[in-house]
Amino acid sequence: MRYRQLTTGTLALGVLLLIDVLRVWLPGIITIFGQAASTPAELMGAFALGWFVLAMGAPAVVRRVGARPVTVVAAVALAVARLALTAAPGGRTQLWLATAGLLAGLVWLVGVAADTDRPVPGLALGFAVNAALHAVLDTVDLVWRGDWVAWLLSAVAVAVFLAGTAQPGKRGGAGDALTGPVDAPAGPADAPAGPADAPAGPGGGRAWLLAGPALLLAGMVALSPALARTGMSYLVAGDGVARSPLFGLAPVPVAVAGFLCAALIRPPRGWGRAYGPVALLAGAVLFALDRGDLLLPAILLAAVGLGACLALTDDASQPASDTASAGTGASRRGYAAAAGMLVFALGAVAYYSAYDLGYPNAAVPVVVAVLIAAVAFTARPVVHRLPGLFPPLRAAAAVIALALLAPVLADEVPVASNREGPPERLTVVAYNIRMGFGLDGRFDLTGLAQVVDRQRPDVVLLSEVDRAWLLNGGHDTLDLLSERLGMPYVFGPAADPVWGDAVLSRWPVRDPRTLPLAAVGAPTGAQALAVTLDLGDGVRTAVVSTHLQPPPGKGPVVQARAVADFATRYAAGRPLVVAGDLNTEPGDAAFAEFTKAGLVDALAAARPLATSPADDPRQQIDHIFVSPGLTPGDPVAPRSTASDHLPVAVTVTLPPR
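In this text the structure is predicted, and so the values were computed from the model without any measurement.

1. Examining the overall build of the protein chain
For step 1, the next point in the chain: Along its length, the protein chain carries 21 helices and 13 strands.
For step 2, the next point in the chain: Expressed as a percentage of its 657 residues, the buried residues of the protein chain come to 60%.
For step 3, the next point in the chain: When contacts within the protein chain are restricted to residue pairs at least 6 apart in sequence, long-range pairs at least 24 apart make up 79% of them.

Given below as structure tokens:
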């Protein structure tokens, strides 16, 4: 293998490890540093941004010490942190390991930038391989799995990354692994390295500046497997709700193919250069509209546009003519990489903190897309031709082949079917799952599934369901739980198309409807999701899942009244179950709105039945209400720390036929 190929592969692998660390560190801000929502959002934002600001000092260290020693030390620290996180230790240990890995990764990126003036192929391959692996692993990364396979694959990735980093040599043309010598035909594998082995030139600053913003949009939109599956699920149901899709990950290979081909093939000249920026802006705008039926076109446009924008900055610089020029270029690239990652942090904090602070955030992805488009379109035209299409297409084909495995290996759709005759009883479970993260900050799907499955439920109502937020690691928590419980789902969006409430049922579900609830001053959106269970022989039961969001200092009275009215009208005299995290206690005005509507507290026989916080429950805020025709029994709140709430469960006896 030629050295230039090794450096490109090492850059891609380092990007992969850095993203792995980010998928642990970002949720840790909320679930560990955030102290179960008791820490002010401003303090969490300051903690998040502080490490990226600190990394802005790395270029000065590189300038004084040299790029190679800084890169090697930082690479070792990143590798050790990534491998240690495979143990998913939880708690403060996990948070500080991830923080150390993040800072090491940022410093490593700055060190690599100082020596590399053609990073686009390495960055593009890193983003694409990460998306393909994330899809094949069903959006649960190796770092959260912890079995021997996860340890083995993590160790191999870390070993190859360190071996590539330790390889001595010049790093000027990391990008040439895919493009070959300037204006020369593609040669044999052992051909002289050519310009790739020359000292780094003064260019590459624009490409490194885009690394952070591109990472943000790739994780949020363009290359998010969870978002692709969510988009597919909206196509199944329509009417603003989502249902379990068939081959939900099918869009991922298409997005990866579009991204890689656009990034690795020389862009057109003249006004044809505008297709990438225009496509990226269009995708960002569609995503910002917060409509589930627009997610798929948003992903595909953003993927192609992002790749094309990166390609516009991939111009092969001539080798530096003197040491001063080389030093200036290295310094600029280092600061560009650090600044780009700071943009990543600013964009992520600005977008996701809106759900705590209550300001509009739709402009954030659009502004980031405008920045990428402006930097790319104003770059000088790429004048150094690729030697031919085969090398980039070969690399793209390998990654696309990996992505094509995802719909086959990772897509599993549970199917509900009527049992023999209508049942006499239904077991109902309501659970606020906190996006899948336990009290210790670990992504604990096993714990969630076990505590629910022990109740042998017929229908499960979930709150705080996250399906693709980059802040929470980019998982599709709903689909993952659906597979583990063997129950298909219906999803109702609340804050945006990928965050809301869901109903999982062992019985077929009909006529789903969702009602957006007035915010009344609360920052996070809320809704009520109504479905009808088809129990066979014409027997129907209405179920409504909701998560009320109280305004500051008040109870969710307005929302409770709206849900109670919506639920009773939807049921139209049929048996009715209403459940979820209602953020109100027995005796409160909001709680009384349900009883005034004629509903019965199904947990009354077990009162007091505290459900929050899970490790020391003191508040009774998770509830199940039923219509008078249903007879509740066996109310429980089984203990578990797989979320910050306890689930509540009850078995209801249906009225005689």
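The rest of the description comes next.
2. Topic: the pairing of strand β13 (residues 648–653)
Each regular strand displays side chains that alternate between the two surfaces of the sheet.
For step 1, the next point in the chain: Most of β13 is tucked away: five of the six residues are buried.
For step 2, the next point in the chain: In the sheet, strand β2 (residues 425–432) pairs with β13 via six bridges, with the strands oriented antiparallel. Residue pairing across strands places T427 opposite T651, the latter belonging to β13.

3. A short note on the confidence of the model for the protein chain
For step 1, the next point in the chain: With 90% of its residues at a pLDDT of 70 or more, the protein chain has an overall mean of 89.
For step 2, the next point in the chain: In the model, residues 170–198 has pLDDT below 50 throughout and makes 64 contacts with residues more than four positions away in sequence or in other chains.
For step 3, the next point in the chain: Note on residues 385–390: pLDDT is under 50 here. Beyond four places in sequence and across chains, it has 13 contacts.

4. Topic: the pairing of strand β7 (residues 526–534)
For step 1, the next point in the chain: Of all nine residues in β7, nine are buried; the element is thus mostly enclosed.
For step 2, the next point in the chain: Both faces of β7 are covered, namely the face carrying A526, A528, A530, T532 and D534 and the face carrying Q527, L529, V531 and L533.
For step 3, the next point in the chain: Sheet topology note: the strand β6 (residues 509–517)/β7 ladder contains seven bridges and is antiparallel. Of the residues in β7, the one forming a bridge with T514 is L529.
For step 4, the next point in the chain: Taken together, β7 and the strand that follows it, strand β8 (residues 540–547), pair antiparallel across an intervening segment of five residues, in which G536 is found at a positive phi of about 95 degrees.

5. Topic: the packing of helix α2 (residues 41–54) against helix α5 (residues 91–115)
For step 1, the next point in the chain: Where α2 contacts α5, the two axes come as close as 9 Å, and the packing angle between them is 35 degrees. Between α2 and α5 lies a crossing of right-handed hand. Seen from α2, the contacting residues are F47, W51, F52 and L54; seen from α5, they are L95, W96, T99, L102, L103 and L106.
For step 2, the next point in the chain: Class assignment of the residues belonging to the contact of α2 with α5 gives a composition of nine nonpolar, one polar and no charged.

6. What about the side chain of S463?
For step 1, the next point in the chain: Along the chain, the position of S463 falls in strand β3 (residues 459–466).
For step 2, the next point in the chain: S463 sits in the buried class, given a relative accessible area of 1%.

7. Brief notes about the sheet that holds β13
For step 1, the next point in the chain: Overall, mixed pairing links the seven strands, which are arranged β1-β4-β5-β3-β2-β13-β12 in an open sheet. Strands with a single pairing partner mark the edges of an open sheet, and in this sheet they are β1 (242–243) and β12 (631–636).
For step 2, the next point in the chain: Of the pairings in the sheet, the one linking β3 to strand β5 (residues 499–505) comprises six bridges and is antiparallel in character. Note on β5: the bridge partner recorded for D466 is W499.

8. Here we look at the side chain of T10
For step 1, the next point in the chain: As for its placement among the helices and strands, T10 is situated in helix α1 (residues 3–33).
For step 2, the next point in the chain: The exposure class of T10 is buried, given its relative accessible area of 6%.
For step 3, the next point in the chain: What T10 contacts, discounting residues up to four positions off in sequence, is W108, F161, G164 and T165.

9. Some details on the nonpolar core
For step 1, the next point in the chain: The biggest cluster of nonpolar side chains holds 150 residues, and the ones touching the most others in it are W25, W208, V256, F259, L260 and L462.
For step 2, the next point in the chain: When residues of this core are assigned to their parent elements, the largest contribution, 16 residues, is made by α1.
For step 3, the next point in the chain: Not counting chain neighbours up to four residues away, the residues in contact with W25 comprise F47, A48, W51, F52, L95, A98, T99 and L102.
For step 4, the next point in the chain: Listed in part, the 31 residues of the second largest apolar core include V241, A430, L529 and A614.

10. Side note on α2
For step 1, the next point in the chain: Relative to the 20 Å expected for 14 residues at 1.5 Å per residue, α2 spans 20 Å between its end C-alpha atoms, a close match to the ideal helical length.
For step 2, the next point in the chain: Of all the positions in α2, only A41, M44, G45, F47, A48 and F52 are classed as buried.

11. A look at the sheet that holds β7
For step 1, the next point in the chain: Read across the sheet, six strands follow the order β6-β7-β8-β9-β11-β10 without closing on themselves; strand pairing throughout is mixed. The open sheet has two edge strands with one neighbour each: β6 and β10 (600–601).
For step 2, the next point in the chain: Where strand β9 (residues 576–581) meets strand β11 (residues 622–626), five bridges bridge the pair, whose relative direction is antiparallel. Bridging across to β11, V578 finds its partner in F625.
For step 3, the next point in the chain: Lying over the sheet, helix α20 (residues 557–571) contacts β6, β7, β8 and β9, oriented at roughly 155 degrees with respect to β6.

12. A look at the environment of D479
For step 1, the next point in the chain: Here D479 lies in helix α19 (residues 477–485).
For step 2, the next point in the chain: Take D479: its relative accessible area is 5%, and that puts it in the buried class.
For step 3, the next point in the chain: Beyond its immediate sequence surroundings of up to four residues, D479 is in contact with D138, R229 and Y489.
For step 4, the next point in the chain: A polar contact of 3.3 Å, which involves the side chain of D479, links it to the side chain of R229.

Parameters at a glance
- Residues numbered from 1 in each chain as written.
- Predicted model: local features only at pLDDT ≥ 70, side-chain atom pairs only at ≥ 80, totals over all residues.
- Heavy atoms only, no water.
- Helix = DSSP H or I, 4+ residues; strand = E, 2+ residues; numbered from the N terminus.
- Buried < 20%, exposed > 50% of the residue type's maximum accessible area, 1.4 Å probe, protein only.
- Contact = heavy atoms within 4.5 Å.
- Pairing = 2+ DSSP bridges.
- pLDDT = per-residue confidence, 0-100.
- Axes fitted to C-alpha atoms, helices over the stretch in contact; angles between N-to-C directions.
- Left-handed = near helix turned anticlockwise from the far one by under 90°.
- Nonpolar A, V, L, I, M, F, W, Y, C, P; charged D, E, K, R; others polar.
- Core = buried A, V, L, I, M, F, W, Y, C linked by side-chain atoms within 4.5 Å.
- Expected span 1.5 Å × (residues − 1).
- Polar contact = N/O pair within 3.5 Å; in protein donor to acceptor, adjacent residues only side chain to side chain.

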